[in-house]
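Residues per chain are reported as follows:
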Amino acid sequence: MSDISKLESDLLAAIAAAKDEAALEAIRVSALGKKGSVSELLKTLGGMSPDARKAQGPIINALRDTVAEAIATKKAALADAALDARLATERVDVTLPIRPVPQGTIHPVSQVLDEVTAIFADLGFAIAEGPDIEFDDYNFTKLNIPPDHPARQMHDTFYMAKQKDGSSHVLRTHTSPVQVRTMLKQKPPIRIISPGRTYRVDSDATHSPMFHQYEGLVVDEGSTLANLKWVLEEFYKAFFEVDSVELRARPSFFPFTEPSVEWDLRCDRSVPGKITFGTGNDWLELAGSGMVNPRVLDMCGIDSTKYQGFAFGGGLDRLAMLKYGIPDIRPFFESDLRWLRHYGFSAFDLPTLDGGLSR
Ligand code: DAH
């Protein structure tokens, strides 16, 4: 074997055996660097006779090309291997359960809103929405509360500045204007539930200037108070996750219903700090309701000689406080993370009737 072919096979063997890029680089310098073995051979060409150079030139140049190519190929292979090794150590197993505990939590009002809509959807109600800034007309007049009616004073309203066209807006004081909006655009049969934000000038441990209500409306040819009672019973049973509930009806007054009924739920408060529903000797006031006043039906374009309906409404925050034992409404809207961590719900538990509401 000539010196050149021995050098070539030695270099190729060394290149093949190089363990990492640093070792490979050392081989490159030793062969192709300024004073490298191949470079030294190339230098000898200058001192050769033309004939010898003609014979040796292609051999030595071929040696340089072979070695350079082997180094480049090996370098790429080493880089691939290094990347594979890194990917292997940095691999994320997406099937692993999430740890540590997920950070965000669902606010109790959102949780209760999801629970309430899940229950009413199951009872065949559609979800309806209305704006927070509402026409005075929808919030009051079309609900049979004309201007100067004393019932307006019960509402501690946030009034907005009058518009140029004379119309006036309020921050809606209840979700009842969604009844008006629904009846104005939909013909019976109507079955809607409308949860949402409401506003009143009021603030203490159980009142917040911004709070949440839910509103129910059913209009059909034969809807009755008995249907209303059944709907509320089914709702409270599902919501408080008990097998039976007992409702007590009390006569009441709302301008938009006639007759009007307030409902109390039987409960047990004999253990301090704890409420149990369905049993006990106490009553808890939960909802206002009644048969929709025929004047309201007529004002909203529904023939009151043909159709009748019932409506009900109550506080969502209040439901959250009762179900989850939250004593004060104010922290609901203070964005205190400690409070949210304590009372919040896992973002992975969506309330469903078959999967469980609150778990
Ligand atoms: N809108 C009433 C309130 O804010 C609650 C209410 C009472 C709603 C009777 C109704 C109803 O739909 O029929 O206190």
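Since this is a predicted model, take the numbers as computed values, not measurements.

## With respect to the packing of aromatic side chains
Item 1. Applying the stated rule across the entire model yields 16 aromatic pairs.
Item 2. On the numbers, 6.5 Å between centres and 65° between planes, the contact of Phe125 with Phe312 is edge-to-face. In this pair, Phe125 is assigned in the loop between α5 (108–122) and β2 (126–127) and Phe312 in strand β11 (residues 308–315), connecting sequence segments 187 residues apart.
Item 3. For Phe125, a relative accessible area of 6% corresponds to the buried category.
Item 4. What makes Phe312 buried here is its relative accessible area of 1%.

## Details of the pairing of β11
Item 1. Judged by how many residues are buried, β11 sits mostly within the fold: seven of eight residues are covered.
Item 2. Strand direction decides the pairing type here: strand β6 (residues 210–220) and β11, joined by eight bridges, are antiparallel. Across the sheet, Glu215 pairs through a bridge with Gly313, a residue of β11.
Item 3. When strand β10 (residues 282–292) meets β11, the two strands line up antiparallel, connected through four bridges.

## A look at the packing of helix α1 (residues 3–17) against helix α2 (residues 21–32)
Geometry of a packed helix pair, given as the angle between the helix axes and the separation of the axes.
Item 1. The contact between α1 and α2 brings their axes to 9 Å, and the two run at 160°. Judged on the interaxial angle alone, α2 and α1 are roughly antiparallel. Note on packing geometry: the crossing formed by α1 with α2 is left-handed. Of α2, the residues touching α1 (which contributes Leu11, Ala14 and Ile15) are Leu24, Ile27 and Ala31.
Item 2. The residue makeup of the contact of α1 with α2, split by class, is six nonpolar, no polar and no charged.

## A closer look at the packing of helix α8 (residues 225–240) against helix α10 (residues 316–324)
Item 1. The N-to-C vectors of α8 and α10 enclose an angle of 50°; their axes lie 11 Å apart at closest approach. On the basis of their axis angle, the class for α8 and α10 is oblique. From α8, Phe235, Tyr236, Phe239 and Phe240 reach across to α10, where they touch Leu319, Leu322 and Lys323.
Item 2. Classifying every residue of the contact of α8 with α10 by side-chain character gives six nonpolar, no polar and one charged.

## Brief notes about α1
Item 1. If you check α1, its first and last C-alpha atoms are 21 Å apart, about what 15 residues at 1.5 Å a residue would give, namely 21 Å.
Item 2. All of the buried residues along α1 are Ile4, Leu7, Leu11 and Ile15. All buried residues of α1 fall inside an arc of 65° around its axis, so they share one side. Exposed and oriented more than 90 degrees from the buried face of α1 are Ala16 and Ala17.
Item 3. Check the buried side of α1 and you find it contacts α2, α3 (37–44) and α4 (50–89).

The rules behind these values
- Each residue is numbered by its place in its chain's sequence as written, counting from 1.
- Residue-level local features of this predicted model are given only where pLDDT is at least 70; pairs of side-chain atoms are given and counted only at 80 or more, and the full residue set underlies all totals for whole chains, interfaces and linings.
- The basis for the side-chain values is all heavy atoms of the structure; hydrogens and waters are excluded.
- A pair of Phe, Tyr and Trp rings is counted when the ring centres sit within 6.5 Å of each other, with Trp represented by its six-membered ring. The angle between the planes then sorts it: under 30 degrees is stacked, over 60 is edge-to-face, the rest tilted.
- Strands are runs of DSSP state E lasting at least two residues, helices are runs of H or I lasting at least four, and both sets are numbered from the N terminus onward.
- Remark: exposure states derive from per-residue accessible area (1.4 Å probe, protein chains only) relative to the maximum for the residue type, with buried under 20%, exposed over 50%, and partly exposed in between.
- Should DSSP find at least two bridges between two strands, the strands are regarded as paired.
- Throughout, an axis means a line fitted to C-alpha atoms (over the contacting stretch in the case of helices), and angles, computed between N-to-C directions, take values from 0 to 180 degrees.
- For classification purposes, an angle smaller than 35 degrees is called roughly parallel, one larger than 145 roughly antiparallel, one from 65 to 115 roughly perpendicular, and anything else oblique.
- The handedness criterion is simple: a crossing whose near helix is rotated anticlockwise from the far helix by less than a right angle is left-handed, and one whose near helix is rotated clockwise is right-handed.
- Residues are treated as being in contact if the distance between any of their heavy atoms lies within 4.5 Å.
- Nonpolar residues are Ala, Val, Leu, Ile, Met, Phe, Trp, Tyr, Cys and Pro. Charged residues are Asp, Glu, Lys and Arg, and all others, Gly as well, are polar.
- The span one expects for a helix is its residue count, reduced by one, times 1.5 Å.
- In this description, the arc belongs to the directions extending from the helix axis to the C-beta atoms.

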